[in-house]
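Residue-level structure breakdown
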Amino acid sequence: MNKIPHLLLFIILPLVLSCGEGFLKLDPYMEVSSTSAIQTTKDLETALNGCYAQLRSPGLFGRNLPVIGDLAADNVYLSTRNSGKYQAFEQHTITSNNAEYRTIWFEAYTAILRANNVINSTLPVDFVISQLKGEAYALRALMYFTLVKTFARPYTYNPTMPGIPLVFQDNPTLRPPRNTIEQVYKAITADLDSASQMMTADQGSARFSRYAAIALHAKARFYMGDYTRALMLASQVIRQSGYKLLPYTSFIQYWSSPVSQTPGQRLETLFEVSADASLNASSNELGYMYQQTAYGDLLAGGSLTSLYGSGDIRRKLFILGKRESAENPAWIVNKYPTGHSDWDDKKILRLSELYLIAAEAAFRIGNEQEALTYLNLLISEREPSLQYTNSGQALLEAIITERRKELAFEGDRFHDLNRLNREIHRMDGQFKAIIPFSNSSRIGPIPEVEIIENENLVQNDGY
């Protein structure tokens, strides 16, 4: 009896068994092709909605990805009184059978298969079909970008090293090998080119749009070290998209509101993963890890909070308090506040980050004045009394520090330190350490069960 590779089996079953409408309620997967299941535009939209829904999972952007992105780095630490979650990431004691990495792997490939079903559908292309397929291309690119950052060394280190498997079809007999990092990024940028060409509609920040795809493309090029293209794409979004940078006077209101941006609003958020009063992960939501009325496990490190000046509006996202029978004082994160029945969306692409990408990219290609311009435009809306005049390495460090401050608790810091090939200096909490770039825990293990089922996969060094 032939075995179905575990990865494909895992990502097939949710399509067959998950609740929903249309193509999600199918006969066994190998008996009904995705193309025969999608017969109408409504079927296609239902399929696409399934992909968006997958992003909301606590195994992906619902919790795992943003938590690991800060805890495995130097922004947050676990309180001494905690629920027992994510301890391996604070201590950097990751094993080949790590549950969180295993969940990220399988759930990301579930989302990829769902995107593939939309992309590969044979419905005649019209304005609506083009928009839906464009969104699917962007979602697939987002998942491949997430996977390659998580399970492979950064492009800036060695693009010829193993990346992750590229799966473009829904063939359950595949045992795909790992493509190189370079091949994965080539697929990501190709998908984003297709996405930006196919999409025209603005449906609000909870759906991908043309400019959200271009913003993701800028970030992918940035992580590749292709700074000329990163600057060009980031500048295009800043100048042409009609999105407005989050102003100082709206900063607190923006973070206290759980709702997505409406079509045409175009304030700051290019794309976010939506969670609302009915569609959420309940106690597995990201906010539960920060809210002191819930788990409250994650606290901001003093090494981070000390970076904010007294006039920095971002300081208001911290509360100096205490943990009962634990840390006193403690810096409590208030970026995901309570007090409403809705749930906070997880920001994936913000205009502020595009300014920081443009600033660092401009510096990298030798244009310090342009770098200062982009950096100070952002800082004027965060700490108006501060204007940078740095040059050389001091300017680069200022940009990297501002990136840390602006994107704190959104899951970027760990990947930024990897991109920069830098050590992690953990200065807060119980487990203070310096984690060298060469440490095996700087990338996730390919799930052990996947290695067993697919003889074409190779494990990352150190696992």
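Anything mentioned here points back to the structure above.
In this report, we go over the structure that sits alongside the text. (Residues numbered from 1 in each chain as written. Predicted model: local features only at pLDDT ≥ 70, side-chain atom pairs only at ≥ 80, totals over all residues. Heavy atoms only, no water.)

**What to know about the overall build of the protein chain**
- Along the backbone of the protein chain there are 18 helices and 8 strands.
- Intrachain contacts of the protein chain at a sequence separation of at least 6 include 71% that bridge at least 24 residues.
- Only carbon and sulfur atoms are counted for the fraction: they give 51% of the accessible area of the protein chain, which is about 17,500 Å². (Helix = DSSP H or I, 4+ residues; strand = E, 2+ residues; numbered from the N terminus. Contact = heavy atoms within 4.5 Å. Areas by Shrake-Rupley, 256 points an atom, 1.4 Å probe, with all protein chains shown as cover.)

**With respect to the packing of aromatic side chains**
- In this structure the tally under the stated criterion is 22 aromatic pairs.
- One aromatic cluster in this structure is built from Tyr-86, Phe-89, Tyr-101, Trp-105, Tyr-109 and Phe-151.
- It is Arg-153 that lies over the ring of Phe-437; its NZ or CZ is 5.0 Å from the centre.
- Between the NZ or CZ atom of Lys-347 and the centre of the ring of Tyr-254, over which it lies, the distance is 4.6 Å. (Phe/Tyr/Trp six-rings, centres within 6.5 Å; stacked < 30°, edge-to-face > 60°. Lys NZ or Arg CZ within 6 Å of the ring centre and 35° of its normal.)

**A word on the nonpolar core**
- Of all hydrophobic cores here, the largest spans 128 residues; its most connected members are Tyr-144, Ile-188, Phe-208, Leu-270, Phe-271 and Phe-409.
- Looking at this core, the element that brings in the most residues is helix H7 (residues 127-151), giving 14 residues.
- Setting aside anything within four residues of it in sequence, one finds Phe-409 in contact with Asp-70, Asn-75, Val-76, Tyr-290, Ala-300, Leu-304, Phe-318, Val-333, Lys-335 and Tyr-336.
- Counting 6 residues, the second largest nonpolar core, distinct from the first, contains Leu-246, Phe-251, Tyr-254 and Ile-313. (Core = buried A, V, L, I, M, F, W, Y, C linked by side-chain atoms within 4.5 Å. Buried < 20%, exposed > 50% of the residue type's maximum accessible area, 1.4 Å probe, protein only.)

**Some points on helix H3 (residues 41-55)**
- Compared with the 21 Å implied by 1.5 Å per residue over 15 residues, the 22 Å span of H3 between its first and last C-alpha is a close match.
- Of the positions making up H3, those classed as buried are Asp-43, Leu-44, Thr-46, Ala-47, Leu-48, Gly-50, Cys-51, Tyr-52, Gln-54 and Leu-55. (Expected span 1.5 Å × (residues − 1).)

**A look at the environment of Ala-190**
- Along the polypeptide, Ala-190 turns up in helix H8 (residues 181-198).
- As for Ala-190 and Ala-141, which are separated by 49 residues in sequence, their C-alpha atoms are 8.6 Å apart.

**So, the environment of Ile-424**
- Among the structural elements, Ile-424 can be located in strand S7 (residues 424-426).
- Not counting residues up to four positions away in its chain, the partners in contact with Ile-424 are Ala-72, Ala-73, Asp-74, His-92, Phe-414, Leu-417, Ala-433, Ile-434, Ile-435 and Arg-442.

**Here we look at the side chain of Arg-178**
- With respect to the secondary-structure elements, Arg-178 resides in the loop between H7 and H8.
- Although Arg-178 is buried, it makes no salt bridge; Asp-461 carries the closest opposite charge, 7.8 Å away.
- Separated by 2.8 Å, the side chain of Arg-178 and the backbone oxygen of Val-458 make a polar contact.
- Here Asn-460 takes part through its side chain, which lies 2.9 Å from a polar atom of the side chain of Arg-178.
- Contact partners of Arg-178, with chain neighbours within four places excluded, come to Phe-151, Pro-162, Gly-163, Ile-164, Pro-165, Ile-446, Asn-456, Leu-457, Val-458, Gln-459 and Asn-460. (Lys, Arg positive; Asp, Glu negative; His and termini not counted. Salt bridge = Lys/Arg side-chain N within 4 Å of Asp/Glu carboxyl O. Polar contact = N/O pair within 3.5 Å; in protein donor to acceptor, adjacent residues only side chain to side chain.)

**Observations concerning the packing of H3 against helix H6 (residues 99-119)**
- Look at H3 against H6: their axes get within 9 Å of each other, and the N-to-C directions meet at 160°. One way to sum up the angle between H3 and H6 is to call them roughly antiparallel. In terms of crossing hand, the pair formed by H3 and H6 is left-handed. Where H3 abuts H6, its residues Leu-44, Ala-47, Leu-48, Gly-50, Cys-51 and Gln-54 lie against Glu-107, Thr-110, Ala-111, Arg-114, Ala-115 and Val-118.
- Across the contact of H3 with H6, the residue classes tally to 7 nonpolar, 3 polar and 2 charged. (Axes fitted to C-alpha atoms, helices over the stretch in contact; angles between N-to-C directions. Parallel < 35°, antiparallel > 145°, perpendicular 65-115°, else oblique. Left-handed = near helix turned anticlockwise from the far one by under 90°. Nonpolar A, V, L, I, M, F, W, Y, C, P; charged D, E, K, R; others polar.)

**Notes on the pattern of salt bridges**
- Taken as a whole, this structure holds 28 salt bridges when the rule is applied.
- A salt bridge links Lys-219 to Asp-412; the nearest nitrogen and oxygen atoms lie 2.7 Å apart. Placement of the pair is Lys-219 in helix H9 (residues 210-224) and Asp-412 in the loop between helix H16 (392-406) and helix H17 (413-419), with a sequence separation of 193 residues. The same class applies to Lys-219 and to Asp-412, which are both buried.
- Shared partners join several salt bridges into a network, and the residues in it are Glu-268, Asp-312, Arg-314, Lys-335, Arg-350, Arg-382, Glu-402, Lys-405, Glu-406 and Glu-410.

**Structural notes on the packing of helix H15 (residues 368-379) against H16**
- Closest axis-to-axis distance for the H15/H16 pair is 11 Å, and the angle between their directions is 30°. Taken together, the axes of H15 and H16 are roughly parallel relative to one another. Judged by the sense of rotation from one axis to the other, the crossing of H15 with H16 is left-handed. Across the interface between the two elements, Glu-368, Ala-371, Leu-372, Leu-375, Leu-378 and Ile-379 from H15 touch Gly-392, Leu-395, Ala-398, Ile-399, Glu-402 and Glu-406 from H16.
- For the contact of H15 with H16, the class distribution of residues is 8 nonpolar, 1 polar and 3 charged.

**Observations concerning the side chain of Ser-205**
- Here Ser-205 lies in the loop between H8 and H9.
- The class for Ser-205 is buried, based on a relative accessible area of 1%.
- Reaching out from Ser-205, the side chain makes a polar contact with the backbone nitrogen of Gln-261 at a distance of 2.8 Å.
- A distance of 2.4 Å separates a polar atom in the side chain of Ser-205 from a polar atom in the side chain of Glu-272.
- In contact with Ser-205, not counting residues within four places along its chain, are Ser-260, Gln-261, Thr-269, Leu-270, Phe-271 and Glu-272.

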